[in-house]
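# Fold and geometry: a report
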Amino acid sequence: MGEWIGESVGPDVWETCRDLIPAGSVFAFLAEHRGRLFPAEMFADMYPSANGRPSMPPQILAAVITLQALHGLSDFETVQELRCDLRWKAACGLGLHDMAFDPSLLAYFRRRLARSARPNRVFEAVREVVKATGVLKGKHRRALDSTVLDDAVATQDTVTQLIAAVRAVIREVPGAETVAAAQCTAHDYTDPGKPKIAWNDEQARAELVDALVTDALRLLGHLPDQQLGEKAANAVGILALIAGQDVEPADESDGRDGRWRITRGTAPGRMVSTADPEARHVHKTRSHQQDGFKAHLAIEPETGLYTAVALRPGAGPEHHEAAVGLDLLADEDTPVDAFGDTAYSTGDARQALHKAGHQLFLKPAPLRPAVPGGFTLDDFTIDTTAATVTCPAGHTVGLSEPGGRHHQRKATFKDLCTGCPLRQRCTKAKAGRILTIRPHHDLQAAARHQAATDPAWQADYRRWRPPVERTVAWLVHHGNRKLRYRGTLKNDAWLHTRAAALNLRRLINLGLTHTSGAWHLAPASA
């Protein structure tokens, strides 16, 4: 990487205006230690050519995006701060008269960073500082949580998505324009507006959806057989997905006569916008829905430092809290006490964390009785080793072999329920109670028992689980629940940068300093 040899434009702000920069702020810290935190060699792999140099040193841009993520600013707002605010000039090493750069340079730098071998190197650099200070030494607790971040695009209805997807195929796929002219008749796809119909007429809307889906299927079916580039392949895949996710065969149709209607209900993992195909409907509760992504966090609850973060699409089993939570704890050097709510308390997650040696403070999911106020699974005596189940009335039956996609075992009481005096508290099924035993039942049962009866477990959970809510509030403060970028890759990079900036601010508040060639936390003065 070529070295930047540009000179400061005007007097050095940190040298001449040091008294105007708030002491103990992130600005003052970066002004003094920017070179140590983000050394030039840290970015050497991003600029391998010796023939050219970046227009602005990457170490300066790293400081800029750190402050940008901390304050939740757009690229334009960030450059305005660099031009007009002495604090920003000092923190980033710009001269008093420096007009900074065009805002597009920030987008270019983030893109280059995201596509590099170490896209989260800013977070990793701050994590190394955390490690060097020893602030987490002896602190063996980690609290897990997730929060929904709103996407940066508008949610589109079915008609808008279908038209946008057809237009994308026409634009990106060679030969698609000719095919569309011959096969697509429901709408003039060169018209930027919506179809001109009576939108308050339900029948007219149904006929339009039917015609648009037919257009999409005809277009897909008549595209030339050819090798497609990335953009063209993505456009075809999105159209195929949209043509199927929101529609179903019309009334009295077997699905082969080409008649369609908008489906009743919402497809699992539904794409909400062609502008950001990775955004999804997200349910944190049964009644509250948002569109966007989930930010997953692991924090040390005593200091409030983020130890690991990840941004994932908001739907799909591979993006569930229990699955991502395992990744958040994967880099821990030693076993920890893991705190989390019921979302992390799946059998597979417990098994994996238990095998890794972690002590679990994961709130078990409550059991639901088959009859309100009646018996739950824990009221039965279940011996998975002997493969027997005894009900509260004393009847014992055998457990079946594991079967089905989830490898569940079943205990069927059938006629034993007939005339049983406890039946009204046990089941409403005419055929009698059928108990379903899932894998890792013994782990889950032990966890429920501990959570209900162990005062020490309860006290630790109440003490160390709530602090993660504070770090979630820090993360989304100042409008940062609304994402600025599209796609998982860009938003995951932003999340890591924001977590790095928040960690840096927290370390500074704890007394971070650099003396004798090492990072330390200076004790607070009396």
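These lines cover the structure that appears in this document, whether it is placed above or below. On a predicted model such as this, the values are computed, not experimentally measured, just so you know.

What follows deals with the sheet that holds strand β10 (residues 388-390). Taken together, three strands build an open sheet; the order of strands is β9-β10-β11 and the sheet is antiparallel. With partners counted over all chains shown, the strands left at the sheet margins are β9 (381-383) and β11 (396-398), one partner each. Neighbour to neighbour, the strand axes of the sheet diverge by 15 degrees on average, direction disregarded. Pairing between β10 and β11: three bridges, direction antiparallel. For T388, the partnering residue across the bridge sits in β11 and is G398.

Membership of the largest hydrophobic core comes to 82 residues, with the highest contact counts inside it found for L30, F38, F101 and L504. Apart from the residues within four sequence positions on either side, L504 is in contact with V26, F29, L30, L37, V126 and L512. Of all hydrophobic cores here, the second largest spans 29 residues; its members include A168, V173, A176 and V209.

The next point concerns unusual backbone geometry. Most peptide bonds take the trans configuration, and most residues that are not glycine carry a negative phi. Despite not being glycine, A100 shows a phi value in the positive range, around 65 degrees. Judged by relative accessible area, which is 19%, A100 ranks as buried. Unusually for a residue other than glycine, H440 sits at a positive phi of about 65 degrees. Tracing the backbone shows H440 in the loop between β13 (434-437) and α14 (441-453).

Now for the packing of aromatic side chains. Counted according to the given criterion, the structure contains seven aromatic pairs. With a centroid separation of 5.7 Å and 35 degrees between ring planes, the pair formed by F29 and W519 is classed as tilted. With F29 in helix α2 (residues 26-37) and W519 in strand β15 (residues 518-521), the pair connects residues that are 490 residues apart, well separated along the chain. Each member of the pair, F29 as well as W519, is classed as buried. On the numbers, 5.4 Å between centres and 5 degrees between planes, the contact of W457 with Y461 is stacked. You can see W457 and its partner Y461 sitting in helix α15 (residues 455-464), four residues apart, about one turn around the helix.

Turning next to the pattern of salt bridges. For the structure shown, the criterion picks out 14 salt bridges. Two residues, E15 and R18, come together in a salt bridge whose shortest N-O distance is 3.7 Å. Take R18: its relative accessible area is 37%, and that puts it in the partly exposed class. For R121, the salt bridge is made with D45, and the minimal N-O distance between the two is 2.8 Å. Residue R121 is located in helix α7 (residues 121-133), and its partner D45 is located in the loop between α2 and α3 (58-71); the two are separated by 76 residues in the primary sequence. Taken together, the shared-partner salt bridges connect D145, D341, R465 and E469 into one network.

Look at α14: 18 Å from first C-alpha to last across 13 residues, which is about the 18 Å you get at 1.5 Å a residue. All buried positions along α14 are accounted for by H441, Q444, A447, R448 and A451. Taken around the axis of α14, the buried residues stretch over an arc of 130 degrees, which confines them to a single face. Check the buried side of α14 and you find it contacts α13 (347-355), β9, β13 and α15.

Moving on to the packing of α2 against α3. Two elements in contact, α2 and α3, have axes whose closest approach is 12 Å; the angle formed by their N-to-C orientations is 165 degrees. Considering their axes alone, α2 and α3 lie roughly antiparallel with respect to each other. Crossing geometry of α2 relative to α3 is assigned as right-handed. Taking contact as the criterion, the partners of V26, F27, L30 and R34 in α2 are, on α3, Q59, I60, A63, L67, L70 and H71. Each residue belonging to the contact of α2 with α3 can be placed in one class, and the counts come to seven nonpolar, two polar and one charged.

A few words now on the environment of Q183. Mapped onto the elements, Q183 comes out in helix α9 (residues 176-183). Sequence-wise, Q183 and A243 are 60 residues apart; in three dimensions their C-alpha atoms are separated by 16 Å. Ignoring anything within four residues of it in the chain, the contact list for Q183 reads D215, R218 and H222.

Successive side chains on a regular strand alternate, one facing one side of the sheet and the next facing the other. Alternating positions in strand β14 (residues 512-515) separate cleanly, L512 and H514 being buried on one face and T513 and T515 remaining unburied on the opposite face. Sheet analysis places β14 next to β15, joined by four bridges and oriented antiparallel. Across the sheet, H514 pairs through a bridge with W519, a residue of β15.

On to α9. Along α9, the positions that sit buried rather than exposed are A176, V179 and A180. Within α9, the buried residues cover an arc of 100 degrees as seen down the axis, which keeps them to one side. Seen from the open side of α9, the exposed residues pointing more than 90 degrees away from its buried face are E177, T178, A181 and A182. Where α9 is buried, its residues contact α8 (158-172) and α10 (202-222).

Interaxial distance between helix α4 (residues 75-84) and helix α6 (residues 104-114) falls to 8 Å at its minimum, and their mutual angle equals 115 degrees. In terms of their interaxial angle, α4 and α6 are classed as roughly perpendicular. In terms of crossing hand, the pair formed by α4 and α6 is right-handed. Contacts between α4 and α6 pair D75, T78 and V79 from the former with L106, A107 and R110 from the latter. The residue inventory of the contact of α4 with α6, partitioned by class, reads three nonpolar, one polar and two charged.

Conventions and cut-offs
- Residues numbered from 1 in each chain as written.
- Predicted model: local features only at pLDDT ≥ 70, side-chain atom pairs only at ≥ 80, totals over all residues.
- Heavy atoms only, no water.
- Pairing = 2+ DSSP bridges.
- Helix = DSSP H or I, 4+ residues; strand = E, 2+ residues; numbered from the N terminus.
- Axes fitted to C-alpha atoms, helices over the stretch in contact; angles between N-to-C directions.
- Core = buried A, V, L, I, M, F, W, Y, C linked by side-chain atoms within 4.5 Å.
- Buried < 20%, exposed > 50% of the residue type's maximum accessible area, 1.4 Å probe, protein only.
- Contact = heavy atoms within 4.5 Å.
- Phe/Tyr/Trp six-rings, centres within 6.5 Å; stacked < 30°, edge-to-face > 60°.
- Salt bridge = Lys/Arg side-chain N within 4 Å of Asp/Glu carboxyl O.
- Expected span 1.5 Å × (residues − 1).
- Arc of directions from axis to C-beta.
- Parallel < 35°, antiparallel > 145°, perpendicular 65-115°, else oblique.
- Left-handed = near helix turned anticlockwise from the far one by under 90°.
- Nonpolar A, V, L, I, M, F, W, Y, C, P; charged D, E, K, R; others polar.

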